[in-house]
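Letter by letter, the chains look like this.
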Amino acid sequence: MRRSTLILALGAITALNFLMLRQREPAVEASVPPPVRADIVAAGPGLVEPVSEELHVSAQVGGRLERVTAADGDRVRAGEVLAVIENGEYAARVRSADAELSLREAELRRVVNGARAQERKVAAAELAEAEAVLLNARAERERRHNLLRERVIARAEAEEADRVERVAEARVDAARQRVELINAEAREEDRARAESEVSLARARVAEARALYDKTFIRAPIHGIILRRHRKAGESVSTQFDTPIVTMADDSVRRVRVDVDEADVAGITVGQHAYVTADAFGDRQFRGRVVRISRILGRKNVRTEEPAERIDTKVLETLVQLEDGRELPLGLRVQAFILSNTSDREPGNPEP
């Protein structure tokens, strides 16, 4: 009886061991690493980024935001208004500068053109009047001197006629000089001064309009709004960085790859490469190396694995993708750089 019980116990233990071995077989198979392509010269983690990198768009003048027209995800074109700063004061400066310019231009025209036609006519009429008075004064002087010779009048009356004639001659001379002044061309120094004042007024207009234009925050490139940081009513300053929006040109995707310092000898600009992402399964996104940093630095991408080393040096390398628009910006991927001697397209591993 005891012998049969022992046999049954040994059989149960054997069956249990067999089942445990069967359960462990898949784990052993899953731990086998996938085959590595022979033409891969370097690999490393990377981050998907736009071709322009991220641009923080700020204001060039301080003030309170009147409105912010851009929102997250908006597609904008270069020069499109993203936000407006309250600009009533700047608009008033433009109007004042325009009025000053109009005044200076009018003064320049007056200097260049001289007197108006009406002023010329008035001056000519005044000269004619003065000449007529002089003729009358001369006739009167002649008459009184004749009377003086005949001893009809006193010498004082004749002398008074002489004085009136001299006054009339002086008035004619003054009227004649006024006519010449009005009809004369502008002096070189007067014209140069007037032209300089016009140039100065134009510069002030340009300055006022430039400041006014800076109250309109415009998109520097075609692209997409990644994040809006400010809303209407908030203040912005030029004393410290206060970006209003962050945007980027996402027409082309790039991957910034951390290449371990042990693999830097095998990479050059122009090499084929491809990247993979856990979210896209086995799909491979092809590209080429377009830039290689000239100095080693710290890691940009952390895998957050417990065994990851963070004290290693990496060479920052940019891979420009041929497509990959489905890849979200900022996505962590794994990049693989292929050798120059490989004539196979990325994504077609050797058998």
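Predicted model only: the values in this text are computed from it and were never measured.

S.K.: Even after reading the chapter, I still don't get the pattern of salt bridges, so can you show me in this structure?
M.R.: Think of it this way: side chains of opposite charge can pair up when their charged atoms draw near. Counting across every chain of the model gives 26 salt bridges. For the salt bridge of Arg-93 with Glu-89, the shortest nitrogen-to-oxygen distance reads 2.8 Å. Taken together, the residues span about one helical turn, with Arg-93 and Glu-89 both in helix 2 (residues 88-113) at a distance of four residues. Exposure remark for Arg-93: the relative accessible area of 38% places this residue in the partly exposed category. Its relative accessible area of 52% is what places Glu-89 among the exposed residues. Note that Arg-283 and Glu-326 form a salt bridge whose closest N and O atoms lie 2.8 Å from each other. Of the two residues, Arg-283 sits in the loop between strand 11 (272-276) and strand 12 (285-297) while Glu-326 sits in the loop between strand 13 (314-321) and strand 14 (332-338), which places them 43 residues apart along the sequence. Overall, Glu-326 belongs to the partly exposed group, its relative accessible area being 36%. Through salt bridges with shared partners, a single network forms among Glu-100, Arg-104, Glu-107, Arg-193 and Glu-197.

S.K.: Is there a simple way to explain the packing of helix 2 against helix 5 (residues 188-213) in this structure?
M.R.: Working note: a packed helix pair is described by the angle between its axes plus the distance between those axes. In contact at an axis separation of 8 Å, helix 2 and helix 5 are set at 165 degrees when each is read in the N-to-C sense. Comparing the axis directions of helix 2 and helix 5 gives the class roughly antiparallel. Helix 2 and helix 5 meet at a crossing whose hand is left-handed. In the contact of helix 2 with helix 5, the residues fall into 15 nonpolar, no polar and 13 charged.

S.K.: What am I meant to see in the sheet that holds strand 10 (residues 253-260) here?
M.R.: Each strand in a sheet pairs with another by means of backbone hydrogen bonds, the pair being arranged parallel or else antiparallel. Taken in spatial order, the six strands of this closed barrel run 1-10-13-12-11-14, and their pairing is antiparallel. For this sheet, the mean inter-axis angle between neighbouring strands, taken without regard to orientation, is 40 degrees. Looking at chain direction, strand 1 (residues 40-50) and strand 14 are connected through seven bridges and run antiparallel. Its bridge partner being in strand 14, Pro-45 is matched across the sheet by Gln-334.

S.K.: Where do I start with the pairing of strand 13 in this structure?
M.R.: Remark: a regular strand shows side chains that alternate across the two faces of the sheet. Counted residue by residue, strand 13 has six buried out of eight residues, so it is predominantly covered. Both strand 10 and strand 13 contribute to a ladder of seven bridges, which runs antiparallel. Paired with Val-257 across the strands is Thr-317, a residue of strand 13. As paired elements, strand 12 and strand 13 share seven bridges and run antiparallel to each other. Note that in strand 13 the partner of Gly-297 across the bridge is Val-314.

S.K.: It is not clear to me how the packing of aromatic side chains should be interpreted in this structure. Could you clarify?
M.R.: For any pair of aromatic rings, the description consists of the separation of the ring centres together with the inter-plane angle of the planes. What the rule picks out here adds up to three aromatic pairs. With 5.0 Å between their ring centres and 25 degrees between their planes, Tyr-274 and Phe-336 make a pair best called stacked. With Tyr-274 in strand 11 and Phe-336 in strand 14, this pair connects stretches of sequence that are 62 residues apart. Centroid distance Phe-280 to Phe-285: 5.5 Å. Interplanar angle 90 degrees. Geometry classified as edge-to-face.

S.K.: Help me understand helix 5 in this model?
M.R.: What sets the pattern is the α-helix's 3.6 residues per turn: residues three or four places apart point alike. With 26 residues, helix 5 extends 37 Å from end C-alpha to end C-alpha; this agrees with the ideal 38 Å at 1.5 Å per step. Taken together, the buried positions of helix 5 are occupied by Ala-194, Val-198, Ala-201, Val-205 and Ala-208. Packed against the buried residues of helix 5 are helix 2.

Criteria and cut-off values
- Residues numbered from 1 in each chain as written.
- Predicted model: local features only at pLDDT ≥ 70, side-chain atom pairs only at ≥ 80, totals over all residues.
- Heavy atoms only, no water.
- Salt bridge = Lys/Arg side-chain N within 4 Å of Asp/Glu carboxyl O.
- Helix = DSSP H or I, 4+ residues; strand = E, 2+ residues; numbered from the N terminus.
- Buried < 20%, exposed > 50% of the residue type's maximum accessible area, 1.4 Å probe, protein only.
- Axes fitted to C-alpha atoms, helices over the stretch in contact; angles between N-to-C directions.
- Parallel < 35°, antiparallel > 145°, perpendicular 65-115°, else oblique.
- Left-handed = near helix turned anticlockwise from the far one by under 90°.
- Nonpolar A, V, L, I, M, F, W, Y, C, P; charged D, E, K, R; others polar.
- Pairing = 2+ DSSP bridges.
- Phe/Tyr/Trp six-rings, centres within 6.5 Å; stacked < 30°, edge-to-face > 60°.
- Expected span 1.5 Å × (residues − 1).
- Contact = heavy atoms within 4.5 Å.

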